[in-house]
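Structural features, examined
Below are the chains, spelled out letter by letter.
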Amino acid sequence: MTTDLAAFAKKNDVKYFMISFTDLFGGQRAKLVPAQAIADMQEDGAGFAGFATWLDMTPAHPDMLAVPDPSSVIQLPWNPDVAWVAANCVMEGQDVAQAPRNVLRRLIDEAAGEGMRVKTGIEAEFFLLTPEGDEISDPFDTAAKPCYDQQAVMRRYDVIREICDYMLDLGWGPYQNDHEDANGQFEMNWEFDDALRTADKHSFFKFMTKSVAEKHGFRATFMPKPVEGLTGNGCHAHISVWDQAGRKNVFATDKGTGPTGELGLSDKGRAFLGGIMKHASALAAITNPTVNSYKRINAPRTMSGATWAPNTVTWTGNNRTHMVRVPGPGRFELRLPDGAVNPYLLQAVIIAAGLSGVRSDADPGKRWDIDMYAEGHKVRGAPKLPLNMLDALRAYDRDKALKTTMGEEFSAAYLKLKRQEWDSFVSHFSQWEKEHTLDI
Ligand SMILES: [Mg+2]
């Protein structure tokens, strides 16, 4: 593991470091620092004007310092002159409490205090569009049922192979790539890891995918619903909890009793799942963070026949029509998050909700072994997911336990900036309202 960035630069002939942090909207912001200056920067951090960091600061705030975490450094496979390194945000000697990577680090420590080490894998779906972003890049990718389309994935082989080769070189253990359920949509999977590592890899994957797509004359997007009527970009998370040594999966059981035991999920796994279920409506404010996110969940049936996105807070066994799927012993899949999710806040909110569940021995509720798309009307008593971003923000604001576990400073800052975003959206005059109101 790298500890000295100057030595890393020397050994790998790195000319510049991209010192990168993630803001509250999930955007990555960086300074490009020449290798000659990295030793001081590793010590002191790169300076940013607080107001422009989108971490809810004013123009009067002092410099925000992004201090690189050398263990996260990656030499860009497509431009070896440059190395990317994730940074922790510090101001006047203190961690910036609301900075997403700090929120996650604090929650990882809290979980560790209770003997839990959360490991996750994510499935970051994306579309390849034309550079302007208004059409699917492949004009022949028009099949009504495009999932796993062999011909279409091969027409984008140059892009997919290049990204997969890079992941192989980086040691991420990629194991499969496919054309997904929407025209122009792809998914690439790599091995699960500790929550912070997965968050760093998720951030880098987005940066890498966008960069490689640009190199080939395309535009990659993780937008939750970039094309009306087609399946959206999910970012499903597979979650398991291990002992501190990372050897024993404490979610796994072979007892085989009770509604989660039958599926191979221990009592601790059941309570962690219970926390996710209990806080689902509120945590959607994090996992589905944009106006556009709500066009993916709660969506009408797509052209392929299924949205693959949930609309109700339910869980089940190996069945993809629910919010949570328990596909096999010792883990479960949260199918709620979408491509706009902040990589650090995704992991943080999973841990926060799960911890809350373990602390209160939360019951995940009834297991529904039904096809939710066909038989969802039979479900009684399960909450519906928020219908829009404002509903989600209000649900988050009402959920005191989740807000506190995520951190008061974080929650206040996040709600403030996201409400401003909602206000900006509703003040936007749309063609829809003209069409529906002009002749009233
Ligand atoms: Mg998928």
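Residues numbered from 1 in each chain as written. Predicted model: local features only at pLDDT ≥ 70, side-chain atom pairs only at ≥ 80, totals over all residues.

**Quick word on the domain arrangement of the chain**
As a reminder of what qualifies: Where each domain begins and ends follows an automated or database-derived domain assignment. Placing a C-beta atom from the backbone of each residue, one calls two residues in contact when those atoms lie within 7 Å. When residue character is reported, Ala, Val, Leu, Ile, Met, Phe, Trp, Tyr, Cys and Pro are called nonpolar, Asp, Glu, Lys and Arg charged, and the others, Gly included, polar.
What the domain assignment lists for the chain is domain 1 (5–89) and domain 2 (107–434). Taking only C-alpha atoms into account, the centre of domain 1 sits 27 Å from that of domain 2. Opposite the 13 residues of domain 1 that make contact, domain 2 presents 20 residues. Residue classes in the side of domain 1 that touches domain 2 are distributed as eight nonpolar, four polar and one charged.

**A short note on the packing of helix H5 (residues 157–170) against helix H6 (residues 195–215)**
For any two helices packed against each other, one specifies the inter-axial angle together with the distance between the axes. Applied cut-off: To get an axis, fit a line to the C-alpha atoms, keeping to the stretch in contact for a helix; angles then go from 0 to 180 degrees between the N-to-C directions. Under the scheme used here, helices are H or I runs from DSSP no shorter than 4 residues and strands are E runs no shorter than 2 residues, and both carry numbers assigned from the N terminus. Between 65 and 115 degrees an angle is taken as roughly perpendicular, under 35 as roughly parallel, over 145 as roughly antiparallel, and anywhere else as oblique. Throughout, a crossing is termed right-handed when the near helix is turned clockwise from the far one, and left-handed when it is turned anticlockwise from it by less than a right angle.
Between H5 and H6, the least distance of the axes is 10 Å, while the angle of their chain directions is 140°. When the axes of H5 and H6 are compared, the pair comes out oblique. The hand of the H5/H6 crossing is right-handed. On H6, the residues that touch Val159, Glu162, Ile163 and Tyr166 of H5 are Met208, Thr209, Val212 and Ala213. The residue inventory of the contact of H5 with H6, partitioned by class, reads six nonpolar, one polar and one charged.

**Looking at the sheet that holds strand S15 (residues 315–316)**
Keep this limit in mind: In short, DSSP must find at least two bridges between two strands for them to pair.
The strand order across the open sheet formed by six strands is S12-S8-S14-S17-S16-S15, and the pairing between neighbours is mixed. Only two strands of the sheet have a single partner each, and these edge strands are strand S12 (193–194) and S15. In terms of strand pairing, strand S14 (residues 235–242) meets strand S17 (residues 331–334) through three bridges, oriented antiparallel. Opposite His238, over in S17, you have Glu333 as the bridge partner. Packed onto the sheet, H6 meets strand S8 (117–124) and S12 and runs at close to 20° relative to S8.

**A closer look at the sheet that holds strand S10 (residues 174–179)**
Taken in spatial order, the four strands of this open sheet run S10-S11-S9-S13, and their pairing is antiparallel. Edge positions in the open sheet fall to S10 and strand S13 (219–221), since each of these has one partner strand only. Going from strand to strand, the sheet's axes swing by 25° on average, the running direction of each strand aside. Relative to strand S11 (residues 185–190), strand S9 (residues 126–129) runs antiparallel, the two sharing two bridges. Considered in S11, the bridge of Phe127 is made with Gln185. Across the sheet, H6 lies against S9 and S13, angled at about 155° from S13, the strand it touches most.

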